[in-house]
2 protein chains.
Amino acid sequence: MPTATTPPFLLFLGDSTTRGEIKTALGLARWRPEACIGEWRLGGPDPEVTTGLPWLDPTAARAAGAKTLVVGCVNAGGFFGPRWIEALQEALVADLDVASGMHQRLGDVPELVARARERGRSLVDVRVPPKGLPVGSGAPRAGHRVLTVGTDCSSGKMWTALTITDELRARGHRATFRATGQTGIFIAGGGMPVDAVVSDFVSGSVETLCPAADPDHWDVIEGQGSLFHPGFAAVSLGLLHGAQAEALVLCHVVGRDSLRGVPYPYPTPDLSECIALHETTARLTCPAARVVAVSLVTSAIADEDAARAICEDTSERLGLPTTDPQRFGVAPIVDALLASERAPR
Amino acid sequence: MPTATTPPFLLFLGDSTTRGEIKTALGLARWRPEACIGEWRLGGPDPEVTTGLPWLDPTAARAAGAKTLVVGCVNAGGFFGPRWIEALQEALVADLDVASGMHQRLGDVPELVARARERGRSLVDVRVPPKGLPVGSGAPRAGHRVLTVGTDCSSGKMWTALTITDELRARGHRATFRATGQTGIFIAGGGMPVDAVVSDFVSGSVETLCPAADPDHWDVIEGQGSLFHPGFAAVSLGLLHGAQAEALVLCHVVGRDSLRGVPYPYPTPDLSECIALHETTARLTCPAARVVAVSLVTSAIADEDAARAICEDTSERLGLPTTDPQRFGVAPIVDALLASERAPR
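Residues numbered from 1 in each chain as written. Chains lettered and ligands numbered in written order. Predicted model: local features only at pLDDT ≥ 70, side-chain atom pairs only at ≥ 80, totals over all residues. Heavy atoms only, no water.

Participant: What is the right way to look at the sheet that holds strand β1 (residues 9-12) of chain B in this model?
Facilitator: All names here are of chain B. One open sheet holds the five strands; their spatial order is β2-β1-β3-β4-β5, and the pairing between them is parallel. With partners counted over all chains shown, the strands left at the sheet margins are β2 (36-40) and β5 (123-125), one partner each. Averaged over all neighbouring strand pairs, the angle between strand axes comes to 25°, with direction disregarded. Pairing analysis gives four bridges linking β1 to strand β3 (residues 68-71), with the strands arranged parallel. Considered in β3, the bridge of F9 is made with T68. Contacts from helix α1 (residues 23-31) reach β1, β2 and β3, with the element oriented near 150° to β1. Contacting β1, β2, β3, β4 (97-100) and β5, helix α3 (residues 82-93) crosses the sheet at an angle of about 160° to β3. (Pairing = 2+ DSSP bridges. Helix = DSSP H or I, 4+ residues; strand = E, 2+ residues; numbered from the N terminus. Axes fitted to C-alpha atoms, helices over the stretch in contact; angles between N-to-C directions. Contact = heavy atoms within 4.5 Å.)

As C-alpha cells, this is what we get:
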C-alpha cells in the first residue's frame, strides 16, 4: 500500500478552471473534512472552483497546523506543469510534505526531490502500487463483496461506494470501503491504485486489496472506468474479476450521452446492455454475481421531482432499485444488497 | 520499443524440465533459425527438453560467433533463481550480451549489472514498455487488422499469427506480424510487451503498436491470455480494444479442459461462448469485428485423420473455417480473412 499521507491537509487546486478538475479536493473535503484545513489555488480564490474551505497559502496553512499539501486536482495530460512545480516547491519551503495521486510521480521531478531533501520533507506518491503483486488466482474467498461499476468514468462510483459503506455501518453491519483510485485512497488512507498496476497483475492486485474476510463482513469496492470505455476497459475488467463481488451497483450520469476522456465520440452504453455485459463477465470468478441496483447522478436535472421520476422510470424499466445517493440517499441500494445476502444462490 | 537484441543468439534453457518451459527458445529456433546458433542448459543436454540446436556453453558459443545469450525459458514465479544468475554472469564473462523477456528485469539484479559493467556488455530487457504511452483513444484507423485470441493462455496465438503473416505474404499481400509477448518480440525484433504495460495504457499501447496503415496492408497481431482467464483477462480486453481488428481468429488447444496457470480449477470456455464474448466486446472499437476462423492445436491427438475430423466437426458446428496451422497449414484461415476483406460491411 502507498505510504501514508499525514493530515491535516492543505488542498492544492492548481490552475483548475472547472469543478471537474478538482474532483480529488472535493472528495477529500466532503469525505474527510476533519483532515482538511484549507485550499490553495494558483491565481487566488475562485468563487466557483472551490471546496468551500478557507483559502490559505502554504505558509499560512503551516501556521494553522497543516502537515501535507495534497494535489487535489488533475490537468490535461496528467503531468505537472512548470507553474505547479514552482507551487509545490513553495509548499516544501513552507515545511509541508507534498502528496499526489497523479500518474507522473513527484519522486521523478528532480527539482522537487532536491527541494524535499533540502527541507527534510517527504514526497508521497499514492498512485504507486506495492511491489510483488500476484497474478489473480480466481480462487473463491469468504466475505460479502459489492463493487460499483459504471457506464463511464466519473459516474459516481466512489461516492456510491462511500455512501453504501456508511449506510451499512449505520445499520449495524461491518463494512470496509476499499479504495482503487487516487481520491478514494486519500480518503481511506490506503487502497490499491489499480489503474497504475501492470496489466498482468490487475485482478491479482484487487484480490490483495479485498482478501478473504468474515462471512458477514462487507467489502465495498470502488470501481474504475467502464467496460465500455475504449481507453480504460482493461482496468475495469481486471477489477471486476479480482473483486469477485456477488453484488454490483451500476452507476450512471443522467444526461451524459458520450464518454469522457475520449477524443473520438463514443456513446454512453445503454444501461441494459451494460448490466448484461457486467453480469456475463463477472460470473467468470463469481458465479452468483448480479447487478442489484442502479445509482444515478441526477445533478443535471434541476427539478427534484423530475429527478425522482427519472429514478422511478429507470427502476421500473430495469427491474432494479434506483436512486441518486447524493440527492435521495442510498437506502434502496443497501436494501437490495442485504436482500441479495439473504437470497439463496 | 525495447532495445534491439543482437544476433546470433545462444538460447538459455535454465533448469527447465519440460518443453512448455522453453517456449521462447522453441519459438526462436522455429521462427528465426538463422539467428540461433546453439542452446545451453544447466545440468547439460536433455534429449526431450531441447530445441534441437547444438549444445554450446557460453565460451564455445562466443567462439562460434554468438553475440547474445537469450533467456529462452520461464520458471515458476518468473524470477531469476541463484543458479540462473550465476549462469547469466558466466555468459557476460564469456563476452555475450544477455537478453530476457521475463517480468523480473536483468537491470534490477545488482550482480548482473555489476558484471555487465565490468565486461562492457549489455543487459537487454525486452519486456520493458516504452515511456509516454497514450491512453487508448478508440478512434478508427485505416488498414486491415487481424488479432489472434484464445480460450486460454498458450493456445497457439503467436504461432497462428506468424503462419498467417507468412501465408498472406506468400499470396502477395503486404502483412506485418505485430508481437505482444516476449517470444514474439524476440522473433520480430520489436513489439509491445502488453502484459507489462500499466493497465491504464494497455489499449493505447496496442494502438501505438499497430497504427494506421495503408488500406490494403494487414497487421497480424499476436493475442495474449484469454477473456476467460481470471488472471489475464484485463490484458486480453485491452489488447482487443486497442487492436481494433476487423477479423479475429480463435485459438484453442484440443483436449485442454481447464485453464493454465490458475491454482483453482477453471474450465476452458466453450468455443461458441468465447466467440460471442469476443465479438460483443471487440465491436466497441471496431463495429465490423467478427471471428472469421478457428485455429486448433491438435497435438494431443496422435492420429492425423482423427485430428482432421476434429477440425471438420468444429468447422461444421461453429460455421467457421477451422484448421491446425502447424499440422494442416493455415490456408483456410487466410481464405476467410481475404473473404472478409472483400465482404461489404
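Participant: What should I look at first to understand the relation of the copies chain A and chain B in this one?
Facilitator: Two copies of one chain are present, and they are related through a rotation about an axis combined with an axial shift. Overlay of chain A on chain B (RMSD 0.0 Å): rotation 180°, translation along the axis 0.0 Å. In symmetry terms, the pair is related by a two-fold rotation axis. Both copies contact each other with a shared surface, as 100% of the interface residues of chain A are interface residues in chain B too. (Least-squares fit on C-alpha atoms with pLDDT ≥ 70 in both.)

Participant: What am I meant to see in the sheet that holds strand β10 (residues 290-297) of chain A here?
Facilitator: Working definition: the strands of a sheet are paired by backbone hydrogen bonds and lie parallel or antiparallel to each other. Residues and elements named next belong to chain A. The six strands are arranged β7-β8-β6-β9-β10-β11 in an open sheet whose pairing can be described as parallel. Two strands lie at the open edges of the sheet, namely β7 (175-178) and β11 (322-323), each paired on one side alone. Where β10 and β11 come together, two bridges link them in parallel fashion. Its bridge partner lying in β11, S295 is registered against T323.

Participant: I keep staring at the confidence of the model for chain A and nothing clicks. Help me out?
Facilitator: As a general rule, the predicted coordinates of low-pLDDT regions are not to be interpreted in detail. Considering every residue of chain A, the mean pLDDT works out to 95; 97% of them sit at 70 or more. Interface predicted TM-score (ipTM) for the complex: 0.95; the corresponding pTM is 0.96. (pLDDT = per-residue confidence, 0-100.)

Participant: Explanation requested: the interface of chain A and chain B in the structure shown.
Facilitator: Put simply, an interface is often sized by how much accessible area is lost when its parts join up. Counting from both sides, the interface comprises 39 residues of chain A and, opposite them, 39 residues of chain B. Here chain A packs against chain B, burying approximately 2,900 Å² in sum over the two surfaces, 64% of which is carbon and sulfur. By the criterion of area lost to chain B, the three top residues of chain A are S199, D200 and L284 of chain A, representing 19% of everything that side buries. Our count for the contact surface shared by chain A and chain B stands at zero salt bridges. Inspection of the chain A/chain B interface yields 16 residue pairs in polar contact (both at pLDDT 80 or more). Those elements giving two or more residues to the side of chain A that touches chain B turn out to be α7 (202-209), α8 (233-243) and α9 (271-282) of chain A. Residue contributions to the side of chain A that touches chain B peak at six residues, all from α8 of chain A. Split into classes, the residues belonging to the side of chain A that touches chain B amount to 23 nonpolar, 13 polar and three charged. (Buried area = accessible area lost by both parts, 1.4 Å probe. Salt bridge = Lys/Arg side-chain N within 4 Å of Asp/Glu carboxyl O. Polar contact = N/O pair within 3.5 Å; in protein donor to acceptor, adjacent residues only side chain to side chain. Nonpolar A, V, L, I, M, F, W, Y, C, P; charged D, E, K, R; others polar.)

Participant: Sorry if this is basic, but what is going on with the packing of α3 of chain B against helix α4 (residues 110-119) of chain B here?
Facilitator: When two helices pack together, their arrangement is given by the angle between the helix axes and by the axis-to-axis distance. Residues and elements named next belong to chain B. Where α3 contacts α4, the axes come no closer than 9 Å and their chain directions differ by 10°. It follows from the interaxial angle that α3 and α4 lie roughly parallel. In contact with I85, L88, Q89, L92 and V93 of α3, α4 contributes E111, L112, R115, A116 and R119. Classifying every residue of the contact of α3 with α4 by side-chain character gives six nonpolar, one polar and three charged. (Parallel < 35°, antiparallel > 145°, perpendicular 65-115°, else oblique.)

Participant: I tried to follow the packing of aromatic side chains on my own but got confused; where do I start?
Facilitator: Residue and element names in this part refer to chain A. The final tally for this structure, using the stated rule, is 10 aromatic pairs over all chains. With a centroid separation of 6.5 Å and an interplanar angle of 45°, the aromatic rings of F80 and W84 are classed as tilted. An aromatic cluster is defined as three or more aromatic residues linked by ring pairs; in this entry it consists of F12, W40, F80 and W84. If you follow R30 out to its NZ or CZ, it ends over the ring of W31, 3.8 Å from the centre. (Phe/Tyr/Trp six-rings, centres within 6.5 Å; stacked < 30°, edge-to-face > 60°. Lys NZ or Arg CZ within 6 Å of the ring centre and 35° of its normal.)

Participant: Help me understand a positive patch on the surface in this model?
Facilitator: Positive charge collects at one region of the surface, where R105 and K131 of chain A together with R105 and K131 of chain B lie side by side. Positionally, R105 of chain A belongs in the loop between β4 (97-100) and α4 (110-119). Overall, R105 of chain A belongs to the partly exposed group, its relative accessible area being 32%. (Patch = residues over 30% accessible without salt bridge, like charges linked within 9 Å, V, L, I, M, F, W, Y side chains within 5 Å. Areas by Shrake-Rupley, 256 points an atom, 1.4 Å probe, with all protein chains shown as cover. Lys, Arg positive; Asp, Glu negative; His and termini not counted. Charge placed at Lys NZ, Arg CZ, Asp CG, Glu CD. Buried < 20%, exposed > 50% of the residue type's maximum accessible area, 1.4 Å probe, protein only.)

Participant: How should unusual backbone geometry be read in this particular structure?
Facilitator: Cis rather than trans, the peptide bond between P7 of chain A and P8 of chain A has omega equal to -5°. One can find P8 of chain A in the segment before β1 (9-12). For Q244 of chain A, which is not glycine, the phi torsion reads 45° and is therefore positive. Relative to the helices and strands, Q244 of chain A resides in the loop between α8 and β9 (247-253). At S154 of chain B, a residue that is not glycine, the phi angle is positive and equals roughly 45°. Following the sequence through the fold, S154 of chain B ends up in the loop between β6 (144-150) and α5 (157-170).

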